[in-house]
Amino acid sequence: MPLPLAHALVGGSIAVAAWPERTPAGLRRALVAGALLGVCPDADYLLGRLHVMGWGWHHAFTHSVAFAVIAGAIVSRALGLRGWRAALACVLPVLSHPLLDYLVTESHGVELWWPVTGRRYKLGIDELSYYHLVGASHGVRTLARLCLAEAVLFGPILVATLVVCRRRFRAQNRGESPRAHVTSRPHGGTA
């Protein structure tokens, strides 16, 4: 199952791509909010540790589509963001968490469709699990390998998203189309 680093990188990437405030400060806000929203479904660990209503919280209702919509809408409103794009910029990072867990979890699955059903879902291809790739042992070495794997897998996505958004921001400030940077050959030129 992914560590918080993967969830933060994916959540931050999604928020940056969808964030309605197209300013440097807005993109920084998007990165922080998206990273935190990407990790927030794992707050259920705290519920389990506090013995709130018994054990078995992990991968439960906080890993559902309904939770993503509710949490994202609340955060969007709290940040003073308005409109469907703002809501998506907050909902999608939360939703990325259970979907990533669905893909690579070794647990019994995630409750994607809570409250409609308490059934847990997972893709079930163990070879996709990077625990499988780095070894099943526990300890600092394995944790370091997992963090490195997540940084290598998901870090470039965040970097690419930031680069594209910065280019768009610069193009908007100059009053040109973001696609104006694509060079074209002069008419009649040879390839």
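A few points on the structure.

Rules behind the numbers
The numbers attached to residues start from 1 for each chain and follow its sequence in the written order. Only residues with pLDDT of at least 70 are given local features in this predicted model, and only at 80 or more are side-chain atom pairs given and counted; all residues enter the totals for whole chains, interfaces and linings. Calculation of side-chain values draws on the structure's entire complement of heavy atoms; hydrogens and water are dropped beforehand. Pairs were defined over the aromatic rings of Phe, Tyr and Trp, the Trp ring being its six-membered one, requiring ring centres within 6.5 Å. Orientation was assigned from the angle between planes: stacked under 30 degrees, edge-to-face over 60, tilted for the rest. Think of it in three bands: with a 1.4 Å probe and only protein chains considered, a residue is buried below 20% of the maximum accessible area for its type, exposed above 50%, and partly exposed in between. Helix and strand definitions follow DSSP, with helices as H or I runs of at least four residues and strands as E runs of at least two, each counted in order from the N terminus. For a helix, the expected span equals 1.5 Å multiplied by the number of residues minus one. In what follows, residue pairs with any heavy atoms lying within 4.5 Å of each other are defined as contacts. To qualify as a nonpolar core, a set must consist of buried Ala, Val, Leu, Ile, Met, Phe, Trp, Tyr and Cys residues joined through side-chain atoms within 4.5 Å. A patch consists of residues exposed above 30% relative accessible area that lack any salt bridge, with like charges linked at up to 9 Å and nonpolar side chains (Val, Leu, Ile, Met, Phe, Trp, Tyr) linked at up to 5 Å. Method for areas: the Shrake-Rupley scheme with a 1.4 Å probe, in which residue coverage is limited to the protein chains shown. Any Lys or Arg side-chain nitrogen found within 4 Å of a carboxyl oxygen on Asp or Glu counts as a salt bridge.

1. Notes on the packing of aromatic side chains
One pass over the full model with this rule turns up two aromatic pairs. Where Phe 61 meets Phe 67, the ring centres are 6.0 Å apart and the plane angle is 85°; that geometry is what we call edge-to-face. According to the relative accessible area criterion, Phe 67 is buried, its value standing at 18%. An aromatic cluster of at least three residues, connected via ring pairs, comprises Phe 61, Phe 67 and Trp 114.

2. Examining helix H2 (residues 24–39)
Compared with an ideal rise of 1.5 Å per residue, which puts 16 residues at 22 Å, H2 spans 23 Å between its outermost C-alpha atoms and is within 8% of the ideal. Taken residue by residue, H2 has Gly 26, Leu 27, Ala 30, Ala 33, Gly 34, Ala 35, Leu 37 and Gly 38 as its buried positions. As for H2, its buried residues are in contact with helix H1 (4–18), helix H4 (65–78), helix H5 (84–104) and helix H7 (140–174).

3. Focus: the nonpolar core
Among soluble globular proteins, nonpolar side chains are generally buried collectively. If you look at the biggest cluster of nonpolar residues, it comprises 19 residues, and the most contacted ones within it are Val 16, Trp 19, Ala 30, Ala 68, Leu 81, Cys 90 and Val 94. Looking at this core, the elements with two or more residues in it are H1, H2, H4 and H5. With six residues, the single largest contributor to this core is H5. Apart from the residues within four sequence positions on either side, Ala 30 is in contact with Ala 15, Val 16 and Trp 19.

4. Quick look at unusual backbone geometry
The omega torsion across Trp 114 and Pro 115 is 5°, close enough to zero to call that bond cis. With respect to the helices and strands, the residue Pro 115 is situated in the loop between H5 and helix H6 (130–134).

5. Considerations on a nonpolar patch on the surface
On the surface, Trp 84, Leu 88 and Leu 92 cluster together to form a nonpolar patch covering roughly 320 Å² of accessible area. Structurally, Leu 92 is set in helix H5. Under the relative-accessibility criterion, Leu 92 is labelled partly exposed at 32%.

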